[in-house]
Each structure stands twice: as structure tokens, then as C-alpha cells.
Amino acid sequence: PAILAALNPLEAWQFAASRGWKVFAVMGAVVLALTGAEALYADMGHFGRRPIQIAWSVLVLPGLALNYLGQGALLMSDPSAIENPFYRLFPGDWIWPALVLATLAAIIASQAVISGAYSMTRQAIQLGFLPRMAVRHTSAHEAGQIYLPLVNWLLLAGVVAAVLGFRSSSALAGAYGIAVTLTMLITTVLTWFVIHDGWKLPGPLAAGATLFFLAIDALLVAGCAIKLFDGGWFPLAVGGLLFLLMATWQRGRALTLQAIRQEGLPLQDFIDSLDLAGLPRSPRVAVYAVADPTTVPQALLHNLKHNQVLHERNLILTVRFAEQPWVGLEERTRAEPLGHAFWRVTLTFGFMDTPDVPAALKLCEAQGLPVPPFETSYFLSRETIVPTHGAGMALWRERLFAAMSRNAGSVVEFFRLPDNAVVELGTRVQI
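About the cut-offs
- Here the residue numbers are simple positions, counted from 1 along each chain's written sequence.
- With pLDDT at 70 or above as the cut-off, local features in this predicted model cover only qualifying residues; side-chain atom pairs require 80 or more to be listed or tallied, and sums for whole chains, interfaces and linings still use all residues.
- Computation of side-chain values: all heavy atoms of the structure, hydrogens and water removed.
- Under the DSSP-based scheme used, a helix requires at least four consecutive residues in state H or I and a strand at least two consecutive residues in state E, with every element numbered from the N terminus.
- This radius of gyration counts C-alpha atoms alone. The globule rule is 2.2 Å times how many residues there are, raised to the power 0.38.
- In this scheme, a residue with accessible area under 20% of its type's maximum is buried, one over 50% is exposed, and one in between is partly exposed, where area comes from a 1.4 Å probe on protein chains only.
- Residues are treated as being in contact if the distance between any of their heavy atoms lies within 4.5 Å.
- A 1.4 Å probe and the Shrake-Rupley method give the accessible areas. Residues count as covered only by the protein chains that appear here.
- Two N or O atoms form a polar contact when they lie within 3.5 Å of each other; inside protein one atom must be a possible hydrogen donor and the other a possible acceptor, and for residues adjacent in sequence the pair counts only when both atoms belong to side chains.
- Two strands make a pair as long as DSSP finds a minimum of two bridges between them.
- Whenever a helix is involved, its axis is fitted only over the stretch in contact; in every case the axis is a line through C-alpha atoms, and angles between N-to-C directions fall within 0 to 180 degrees.
- The set of buried Ala, Val, Leu, Ile, Met, Phe, Trp, Tyr and Cys residues whose side-chain atoms join them within 4.5 Å is what this entry labels a nonpolar core.
- For salt bridges, the criterion is a side-chain nitrogen of Lys or Arg within 4 Å of an Asp or Glu carboxyl oxygen.
- Put simply, two rings from Phe, Tyr or Trp (the six-membered ring, in Trp's case) pair if the centres are within 6.5 Å, and we call them stacked under 30 degrees between planes, edge-to-face over 60, tilted for the rest.
- Exposure above 30% relative accessible area and the absence of a salt bridge qualify a residue for a patch, where like charges join within 9 Å and nonpolar side chains (Val, Leu, Ile, Met, Phe, Trp, Tyr) within 5 Å.

Trainee: Mind showing me how you'd approach the overall build of the chain here?
Mentor: A count of helices and strands for the chain gives 15 helices and eight strands. Its C-alpha atoms give the chain a radius of gyration of 28 Å, more than 25% over the compact-globule value 22 Å for 431 residues. In terms of its C-alpha atoms, the chain occupies a principal-axis envelope of roughly 95 × 50 × 45 Å. The buried share of the chain, reckoned over its 431 residues, is 34%. The contacts of the chain with a sequence gap of at least 6 include a subset with a gap of at least 24, amounting to 73%. Carbon and sulfur atoms form 66% of the exposed surface of the chain, whose accessible area is close to 25,200 Å².

This is the structure in C-alpha cells:
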């Protein structure tokens, strides 16, 4: 029964105070005792806040507390069990069932992390930090239930590389500790911006709400930092690589958009100068998807040059993603007439929304712009990036961006466009 004293927070304080600076040597083990539980929160974007709270309060926290109290009671009665306190909790005949249970628990925890990786990757794509990837929806009722094949295989490759490289869980402890504690520290720093900039609360209140947790997180990071050369470099290297890819993609897209603007024609001037009397008209709706709605789409110029035809209605379509999870249907579409049967249409999605363009265009009818699904053609510009010497990025980063652009997922699949109504026209863009 003496183990119940471990529930008293003063025990933790006395443990740390009695060891002084030497507590940093055991901080890595303390971190490993509390990690894993945070994987539950990786599913927040899929299931919402309430189910996570219930699962944590009713099942996870009591289960973890009972398990650790049991291990502590075992060590108090039998110090030799320190070699493996978890499996020594079980009678000898129960070892294999316990091993199966532990393996299933690891699989369940990995599923939470994997689904969280899917959710975060899709958010990064829609916020413009990663190229498009194939997103498969696994549920007809829940938009958050998604599967990203590329992310799944990359996670598998990373796990296999970590297992083969570190060979044991104890060797991997340093990498795991730094990864988790740095994530906690970054999350606490971001909390400041949410409270101060997002919620507009006073600075002293925001500081008070974050400094306490920041001090704890900084202590944990410092304790795990002693394992930097003993595996701790691994998550830092992976994080640095991901940051390089995301920064290169964001900068490359900005340079591409800048080049299109420099070489493009102003849209309104182009529309005003059109000689509609001499152009054949196609009795369909043409949708031109563009990143910059103020310049003439390259696909439109190619269509006029090669097919010498103008459609009955022409939509200059821009899709943007707001920095919020969901956008209501009343804010989804904005249609602006430009004259000569041209419209500028802006579709807004949240970073958790599924960008279904045909479904969103149906909402334009309420603004006087009917878009019949079976009478609509989608014209897309497929950009071929040409790296050049200049003031944009280093040449190797431009080549990296060009490779990422070539291997980006299909716009058709990403925006759920009908395959039999899409026309793709290529254009070369120098950055």
C-alpha cells in the first residue's frame, strides 16, 4: 500500500530536489514513462475533442496509473525485478499472452500516430507547405477518415530504418525522448500565439498561461539533450529534412506565381479587348483553374490559339484554403462578373475540408451563375518548372522544387474533378 504515496506530487518534487543537477541524467527515463500517451491526441482532428477527453479520463490515465503503481510496488518488494519490471508483473505462464497484449498495444498506438500523420500532411498540403498527394477517403460519412499511400510507405521506411539502425529500444530511447520533448516545447510556444494573437488576451495573462509549462518542457528537453549524440540526432535530422522540403516548396510556389504574373496579361484588360463577334462560341461552361486570378490563364490563351473558340460562360477559378479547420457553405463561393460572359469565382475551404470543386460550384447558382455538371469543361495548366540561375533560390533548391512539382499528385484527383471533363495544357515557367 505504500506505493499509493506516488500519487502525491510532492514525491516528484522531493525526487528532483534531492538529486540536484544530477536529475538531468534520469530525465530521459522520466520522459519515456510519460510518452506514448500523447499519441492519443494525434487523433483529435479525426474524432474531435470530446471522445479524446473521455478516452483519456476514463480509460488511459487510470490504466497507466495502475500499471506504474503496480511496477513500483513490485520493485519495492523485489528489487531484482528492475531488469524488466513490466513483464515481471506477470506469472511465468502469462508471459506470452502479455507479449501479445503489448504488441497489440504498440500497433494501436501506431495507428493513432499514423492517422495523425495523414491529417497533418493534408493540412500542410492545403496550407501550401507540401505538394499535392493522393488522398483516399475511407469513409462515406466521416471526412476526416483518410488514407495517404505515400505517407504510409514513408512512415514504414522510416520505422524500418530506425529499427535496423538502432537495433534496440534502449538505443532508441534518446531519439524518442528528444522527439517528444521538443514537440511538447514547440506546442507550448505555439500556445502563446493562440492565447495572445488568436484569442486577443493580454500579454501578462498569455505569459502566465505558458511560462509554467514552458519551464517544465525546457527541463525535459535539457534532460534529453544529453542523449543528442546517442540517437538524439535522428529526429533532428528528419525534422530538418522535412523543414527543407516544406520551405523549398513554399518558396518555389511563390516564385512560380511571381513568374506567371510577370509574363501574364492583365485579365480585365484582356476581357475588355476581346472581339466576341469574330469568335465561335461553344455552348458549354469553361472553368479555368488558376493560382493568380488577376492574370489571363495560360490554358485560356492556348485554347484560343489552338482551338480558336470561346465558351458560352468562362469561369476564372481560384481555390484558397483559410487558416481555420472548416468553412461554412455560406462562405464557400464568391462569384464576380467581369463582363463578356467571364466570371471570377473564388472557392474557400478550411484546411480540414475536402476540396470538392464540382460540388462547390453548384452553390454559384444562388449568385446568378448556374454551372451544369454535364455541360462544364475544366481547363488546367500543367506547369513545367525550369530552374535558372538568378535571385530566386539556390540552383539545387530550384531543381529540388522542380522534382517535387513533377511528382506532385494530380489536380484532378485532389479537387475531385470529373476525369472525362478535364483538359490539361502544358506551359513552361522559369524561376
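Back to the text.
Trainee: Explanation requested: the side chain of T376 in the structure shown.
Mentor: Mapped onto the elements, T376 comes out in strand β7 (residues 376–386). You can call T376 buried: its relative accessible area is 1%. For T376, the side chain forms a polar contact with the main-chain oxygen of P372, separated by 2.6 Å. Every residue in contact with T376, bar those within four places of it in the chain, is listed here: R284, V285, V287, V371 and A421.

Trainee: In this structure, what is going on with the sheet that holds strand β6 (residues 342–350)? I would like to understand it.
Mentor: Backbone-to-backbone hydrogen bonds pair the strands of a sheet. The strands run either parallel or antiparallel. Taken in spatial order, the six strands make up an open sheet running β5-β6-β4-β3-β7-β8, and their pairing is mixed. Edge positions in the sheet fall to β5 (333–339) and β8 (422–430), since each of these pairs with one other strand and no more. Direction aside, the axes of adjacent strands within the sheet are offset by 25° on average. The pairing of β7 with β8 spans nine bridges and is parallel. Along β8, the bridge assignment pairs R382 with G426. This element, helix α12 (residues 298–307), spans β3 (281–289), β4 (310–322), β6, β7 and β8 of the sheet and lies at about 110° to β8.

Trainee: What exactly am I supposed to notice about the nonpolar core here?
Mentor: The nonpolar side chains of a soluble globular protein tend to be buried with one another. L315, V345 and L361 are the most contacted members of the largest nonpolar core, which totals 36 residues. Every element with two or more residues in this core is listed here: α6 (95–126), β3, β4, β6, α13 (357–361), β7 and α15 (411–414). No other element matches α6, which puts five residues into this core. Excluding residues within four positions of it along the chain, L361 makes contact with V287, L315, L317, V345, L347, V371 and Y378.

Trainee: Could you clarify how one ought to interpret the pattern of salt bridges in this entry?
Mentor: Between side chains of opposite charge, pairing is possible as soon as their charged atoms come close. All chains considered together, the criterion is met by seven salt bridges. With its nearest N and O atoms 2.9 Å apart, the salt bridge here joins R88 to D78. With R88 in helix α5 (residues 85–88) and D78 in the loop between α4 (49–77) and α5, this residue pair connects regions lying ten residues apart in the sequence. The exposure class of R88 is partly exposed, given its relative accessible area of 31%.

Trainee: Hey, could you run me through the packing of aromatic side chains in this one?
Mentor: Aromatic ring pairs are reported here in terms of the distance separating the ring centres and the angle at which the planes meet. Throughout the structure, instances matching the rule amount to eleven aromatic pairs. Here the aromatic rings of F212 and F213 are separated by 5.3 Å at their centres, their planes lie at 75°, and the arrangement is edge-to-face. Since its relative accessible area comes to 54%, F212 is described here as exposed. Put simply, the rings of F86, Y87 and F90 touch in pairs and so form one group of aromatic residues.

Trainee: Before we go on, may I ask you to explain a nonpolar patch on the surface in this structure?
Mentor: A cluster of nonpolar side chains, W153, L156, V160 and L164, forms an exposed patch at the surface whose accessible area comes to about 430 Å². Residue L164 is classed as exposed on the basis of its relative accessible area, which comes to 59%.

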